[in-house]
Amino acid sequence: MYFKEIIGHRDLKRRIRTAFRTGKLGHATMFTGKEGFGSLPIALALSRYVLCTNRNDDDACGKCPSCKKMDKLIHPDLHFVFPVINKKGKDPISDSYISDWRKFVFNKPYGSYVDWIKYIASENKQGGIFKDESDTINRKLSLKSFESDHKIMIIWMAEKMNDTAANKILKILEEPPASTIFILISVFPEQLLQTIISRTQVIPIPPIDSEDLVAYLELAKGLNEENANDLGVFSEGDLGRSLELIDRMDELNQNVQNFSYFLEYCKLQQTSDILRFIDTTLGKDKTAQIEFLNYILHTVRHNIIQSTIEKNSKNIGSKSLEKSVKINLTLVQAKTLLKMLTEALNHIERNVNARIVFMDVAIQLRKVLTV
Ligand SMILES: [Zn+2]
């Protein structure tokens with residue numbers, strides 16, 4: 001991954017390169033934000049840049065021996081730590097999964113934690129960064145760098161570190177051997193020990209700018225303008241999610257219509273219509289149920305963004321409501337709905353009966369909207 005391959009984030013990339021070149025990049029940096037915003041690709045581009053022996057202002061050269069090794073993610077001075085699962089016959093450390101990891105990163109650099117765990121686990125499993133991992137981190141970093149002036153340790157999904165592992169790396173994170181760069185990546189940094197966070201320089205990775213995302217979907221993925229725009233809006237700056245949704249465009253558009261009906265039945269308290277809707281429109285398709293809830297979540301968030309924009313009369317070029325159902329919400333109402341919908345999503349994911357979940361959503365939607 002090169003800086004030039006990263007979608008959007010022009011200023012951020014420039015600031016990161018400048019920080020490195022001017023010696024202002026701390027020895028431990030933490031990128032925060034959703035996986036699909038690009039934290040791992042940025043970490044990989046930065047690593048390539050740091051290890052390249054012939055970098056220019058903008059990017060790594062692509063030709064030096066170091067770049068050639070980065071092409072295969074086999075540079076001996078680049079180390080990875082990521083969540084793994086407990087599997088019979090395999091030590092629960094990243095090294096046991098490194099070839100799977102390389103394949104995953106090549107195929108899905110914007111992929112999520114859930115994608116990764118699905119990739120290595122045949123059944124529903126929880127991933128973690130366990131205590132043995134901290135021993136390998138300490139051991140690897142105590143060695144001299146092999147080929148480069150620097151050693152880099154990328155810890156992906158750092159919040160998955162259990163407390164024992166986290167406590168065991170505190171010392172090396174605070175005082176790493178010379179020329180070591182830690183890059184921690186986290187979606188939920190609030191789940192990390194404060195002692196870890198305080199030892200890093202946090203750089204938030206924001207959602208990808210809608211224009212950049214839409215342009216990418218048109219140019220690289222061949223979507224027409226309308227579909228690219230819709231997807232850019234629905235995925236809210238998350239490239240991983242856009243790529244996941246490409247094959248589901250029709251369904252996405254259908255959800256706009258479906259939500260209008262659903263809302264109408266809720267307002268009129270037409271229980272029989274609501275149940276019919278749940279049974280026939282959502283049926284037993286768990287993915288359709290999840291996407292419908294995601295669509296409502298998206299609508300609630302965008303209604304709030306839109307009303308804030310109108311209030312401040314600033315035009316940020318949002319096309320976000322063109323295909324959204326309009327509902328008038330106060331911030332408090334939106335908060336209640338977001339919480340309720342997130343819970344509903346959890347319930348569906350845990351296979352709670354869809355009729356019960358969506359009936360509850362209907363009742364609560366009505367309650368909030370008629371207050
Ligand atoms: Zn190079």
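On a predicted model such as this, the values are computed, not experimentally measured, just so you know. (Residues numbered from 1 in each chain as written. Predicted model: local features only at pLDDT ≥ 70, side-chain atom pairs only at ≥ 80, totals over all residues. Heavy atoms only, no water.)

Visitor: Hey, could you go over the nonpolar core for me, with residue numbers and the actual values?
Guide: Membership of the largest hydrophobic core comes to 93 residues, with the highest contact counts inside it found for F31, I154, W156 and F262. With nine residues, the top contributor of residues to this core is helix 2 (residues 39-51). If you count residues domain by domain, this core takes at least three from each of domain 1 (3-204) and domain 2 (226-370). One finds A28, M30, I172 and L192 within the second-largest nonpolar core, a separate group that totals 21 residues. (Core = buried A, V, L, I, M, F, W, Y, C linked by side-chain atoms within 4.5 Å. Buried < 20%, exposed > 50% of the residue type's maximum accessible area, 1.4 Å probe, protein only. Helix = DSSP H or I, 4+ residues; strand = E, 2+ residues; numbered from the N terminus. Domains from an automatic or database assignment.)

Visitor: A description of the packing of aromatic side chains should follow, citing residues and the corresponding values.
Guide: The geometry of an aromatic ring pair is captured by the separation of the ring centres together with the interplanar angle, meaning the angle of the planes. Tallying each qualifying case throughout the model produces 20 aromatic pairs. Between F20 and Y49, the ring centres sit 6.1 Å apart and the planes meet at 70°, which makes this aromatic pair edge-to-face. Taken together, the residues span a long stretch of sequence, with F20 in helix 1 (residues 10-21) and Y49 in helix 2 at a distance of 29 residues. Here F20 and Y49 have matching classes, each one buried. By way of ring pairs, the aromatic residues F234, F259, F262, Y265, F277, F292, Y295 and F358 are connected into one cluster. The ring of Y113 has K160 lying over it, and the distance from NZ or CZ to the ring centre is 4.3 Å. (Phe/Tyr/Trp six-rings, centres within 6.5 Å; stacked < 30°, edge-to-face > 60°. Lys NZ or Arg CZ within 6 Å of the ring centre and 35° of its normal.)

Visitor: Explain the side chain of D59 to me, using residue names and the numbers behind them.
Guide: For D59, the location among the structural elements is in the loop between helix 2 and helix 3 (65-71). For D59, which is buried and forms no salt bridge, the nearest opposite charge comes from K4, at a distance of 5.1 Å. Only 3.1 Å separates the side chain of D59 from the backbone nitrogen of F3, close enough to count as a polar contact. Residues within four places of D59 in sequence aside, it is in contact with Y2, F3, K4, R17 and Y49. (Lys, Arg positive; Asp, Glu negative; His and termini not counted. Salt bridge = Lys/Arg side-chain N within 4 Å of Asp/Glu carboxyl O. Polar contact = N/O pair within 3.5 Å; in protein donor to acceptor, adjacent residues only side chain to side chain. Contact = heavy atoms within 4.5 Å.)

Visitor: Tell me what's going on with the pairing of strand 1 (residues 28-32), and back it up with residues and numbers.
Guide: Most of strand 1 is tucked away: five of the five residues are buried. Taking every second residue as pointing to the same face, both faces of strand 1 are buried, with A28, M30 and T32 on one and T29 and F31 on the other. Pairing of strand 1 with strand 4 (residues 180-186), which is carried by five bridges, proceeds in the parallel orientation. Directly across from T32, in strand 4, lies its bridge partner S186. Here strand 1 pairs with strand 5 (residues 201-204) via four bridges, running parallel. Pairing of M30 across the sheet is with V202, part of strand 5. (Pairing = 2+ DSSP bridges.)

Visitor: Would you mind going over the packing of helix 10 (residues 225-234) against helix 12 (residues 249-267) in detail, with residue names and values included?
Guide: Relative to each other, helix 10 and helix 12 sit at 70°, their axes nearing to 11 Å. Judged by the inter-axis angle, helix 10 sits roughly perpendicular to helix 12. As for how helix 10 packs across helix 12, the hand of that crossing is left-handed. Where helix 10 approaches helix 12, its residues N227, D230, L231 and F234 are matched on the opposing element by M249, L252, N253 and V256. (Axes fitted to C-alpha atoms, helices over the stretch in contact; angles between N-to-C directions. Parallel < 35°, antiparallel > 145°, perpendicular 65-115°, else oblique. Left-handed = near helix turned anticlockwise from the far one by under 90°.)

Visitor: Residues and numbers for the domain arrangement of the chain, please.
Guide: Quoted interface sizes are often the accessible area lost when the parts come together. Parsing the chain into structural domains produces domain 1 (3-204) and domain 2 (226-370). Contacts between the two partners involve six residues from domain 1 and, on the opposite side, six residues from domain 2. Between domain 1 and domain 2, roughly 440 Å² of surface is buried when both sides are summed, and carbon and sulfur atoms account for 56% of that area. Sorting the residues of domain 1 by area buried against domain 2 places G36, F37 and Y110 first, and these three jointly supply 66% of that buried surface. In this structure, the connection of domain 1 to domain 2 is made through zero salt bridges. Our count for the contact surface shared by domain 1 and domain 2 stands at one residue pair in polar contact (both at pLDDT 80 or more). When the residues that make up the side of domain 1 that touches domain 2 are grouped by side-chain class, the tally is three nonpolar, one polar and two charged. (Buried area = accessible area lost by both parts, 1.4 Å probe. Nonpolar A, V, L, I, M, F, W, Y, C, P; charged D, E, K, R; others polar.)

Visitor: Can you lay out the sheet that holds strand 2 (residues 78-81) for me, pointing to particular residues and giving the numbers?
Guide: Strand order in the open sheet formed by five strands is 2-3-4-1-5, and the pairing between neighbours is parallel. Both outer strands of the open sheet, strand 2 and strand 5, are each paired with one neighbouring strand and no more. Direction aside, the axes of adjacent strands within the sheet are offset by 20° on average. Packing against the sheet, helix 2 makes contact with strand 1, strand 2, strand 3 (151-156) and strand 4, and its axis sits at approximately 175° to strand 3. Its contacts with the sheet place helix 6 (residues 131-142) against strand 2, strand 3 and strand 4, and it is angled at close to 165° to strand 3.

Visitor: So what's going on with helix 5 (residues 113-120)? Residues and values would help.
Guide: Y113, D115, W116, I117 and I120 are the residues of helix 5 that are buried. Check the buried side of helix 5 and you find it contacts helix 4 (98-107), strand 3 and helix 11 (239-245).

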